[in-house]
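# Report on the structure
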Amino acid sequence: MEYNSSREELIIPEYGRHIQNMIRYAKDIPERDKRQHFVEMIIGLMMQMHPQNRNLEDYRDKLWRHVFQIADYELDVDTPTGYIPTPEDEHKKPDRVPYPSKDTRFRHYGHNVQKLIAKALTMEDGYKKDCFVQVIGSYMKLAYRTWNREHYVSDDIIIEDLVGLSGGKLKLIEDVSLDNLSRSQMKRTSSNGGQQGGRQQQRSSRQGGRDRDRDRDRDRDRDRGGRQQQQRRRRKK
């Protein structure tokens, strides 16, 4: 009896020993056309072994890479993409992902505030820029309240932080309220609540109307039954 421990080591165990033996056999086929056809049949068999992966985008390319790996990259066939895998492909490392460098100051305002400030710094001085800076200040106050509900925040704190974030280049107009976004959010919430209350009231009124119609029909049926009973009594007399 021959044990698996005495056999040749499996290069990729998930395909089994028969696939490995077939690929090794394909290497020795002299006719190139027959060898190409035989390897394509092996690819189809490998796909049948793992049908759940058929819909993956690069699954067929992965199978071709595995075939060349099992064949020790000594297989003379053509691939669908035209690229012939090499031993160096096994040692390739993914490209390093450059993480964006962000300023860690005033993290509770978020990175979008810094983008808005950078946009404001490129604008020309004037009414449009002043309004844009006011929107930035209002958003900063809204963000501060969102993440620091237990702390009170005044306009002076927002103005000071805006100056710090912009390097002293942006300043708010005096006597400007920064509660515009907060008020609009509260109005939107209250209006949504009012609309929901109105819909609930309409549903209640419709249900009440159906109940009254049902009671009226029941009373009418009771009266009709009483009159019919009286008529039967008169006939008996």
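The sections below set out a description of the structure shown in this document. Treat the numbers as computed from the prediction; the structure is a model and nothing was measured.

### Some thoughts on the overall build of the protein chain
- Check the secondary structure of the protein chain and you find 7 helices and 0 strands.
- When the elements of the protein chain are put in sequence order from the N terminus, they spell out α-α-α-α-α-α-α.
- When each of the 237 residues of the protein chain is scored for burial, the buried share is 24%.
- Pairs at least 24 residues apart make up 50% of the contacts formed inside the protein chain by residues separated by at least 6 positions.
- Accessible area for the protein chain stands at about 18,200 Å²; split by element, carbon and sulfur atoms hold 49% of it.

### Thoughts on the pattern of salt bridges
- Going through the model one piece at a time under the given rule, you end up with 8 salt bridges.
- One connected set of salt bridges, linked through shared partners, spans Arg-32, Arg-35, Asp-76 and Asp-78.

### Regarding the packing of helix H4 (residues 111-121) against helix H5 (residues 127-147)
- Two numbers describe how H4 lies on H5: the axes approach to 10 Å, and their chain directions differ by 165°. When the axes of H4 and H5 are compared, the pair comes out roughly antiparallel. Here H4 and H5 pass one another in a crossing that is left-handed. Note on element contacts: H5 touches H4 through Lys-129, Phe-132, Val-133, Ile-136, Tyr-139 and Met-140, opposite Val-113, Leu-116, Ile-117, Lys-119 and Ala-120.
- For the contact of H4 with H5, a count of residues per class yields 9 nonpolar, no polar and 2 charged.

### What about unusual backbone geometry?
- Positioned with a positive phi, Asp-72 is a non-glycine residue whose angle comes to about 60°.
- Mapped onto the elements of the fold, Asp-72 is located in the loop between helix H3 (59-70) and H4.
- Since its relative accessible area comes to 39%, Asp-72 is described here as partly exposed.
- Positioned with a positive phi, Tyr-73 is a non-glycine residue whose angle comes to about 60°.

### Things to note about the packing of aromatic side chains
- Tallying each qualifying case throughout the model produces 2 aromatic pairs.
- Ring plane angle 65° and centroid distance 5.6 Å describe the contact between Tyr-25 and Phe-38, whose orientation is recorded as edge-to-face. Separated by 13 residues along the polypeptide, Tyr-25 in helix H1 (residues 16-27) and Phe-38 in helix H2 (residues 32-49) bring together distant segments of the chain.
- On the basis of an interplanar angle of 45° and a centroid distance of 6.2 Å, the ring pair of Tyr-109 and Tyr-144 is categorised as tilted. In this pair, Tyr-109 sits in the loop between H3 and H4 while Tyr-144 sits in helix H5, placing the two residues 35 residues apart along the sequence.

### Quick word on the environment of Leu-116
- Within the element layout of this structure, Leu-116 appears in helix H4.
- Linking Leu-116 and Val-135, residues 19 residues apart in sequence, is a C-alpha distance of 9.5 Å.
- If near-sequence neighbours (up to four positions away) are discounted, Leu-116 is found in contact with Phe-132 and Ile-136.

Calculation notes
- Residues numbered from 1 in each chain as written.
- Predicted model: local features only at pLDDT ≥ 70, side-chain atom pairs only at ≥ 80, totals over all residues.
- Heavy atoms only, no water.
- Helix = DSSP H or I, 4+ residues; strand = E, 2+ residues; numbered from the N terminus.
- Buried < 20%, exposed > 50% of the residue type's maximum accessible area, 1.4 Å probe, protein only.
- Contact = heavy atoms within 4.5 Å.
- Areas by Shrake-Rupley, 256 points an atom, 1.4 Å probe, with all protein chains shown as cover.
- Salt bridge = Lys/Arg side-chain N within 4 Å of Asp/Glu carboxyl O.
- Axes fitted to C-alpha atoms, helices over the stretch in contact; angles between N-to-C directions.
- Parallel < 35°, antiparallel > 145°, perpendicular 65-115°, else oblique.
- Left-handed = near helix turned anticlockwise from the far one by under 90°.
- Nonpolar A, V, L, I, M, F, W, Y, C, P; charged D, E, K, R; others polar.
- Phe/Tyr/Trp six-rings, centres within 6.5 Å; stacked < 30°, edge-to-face > 60°.

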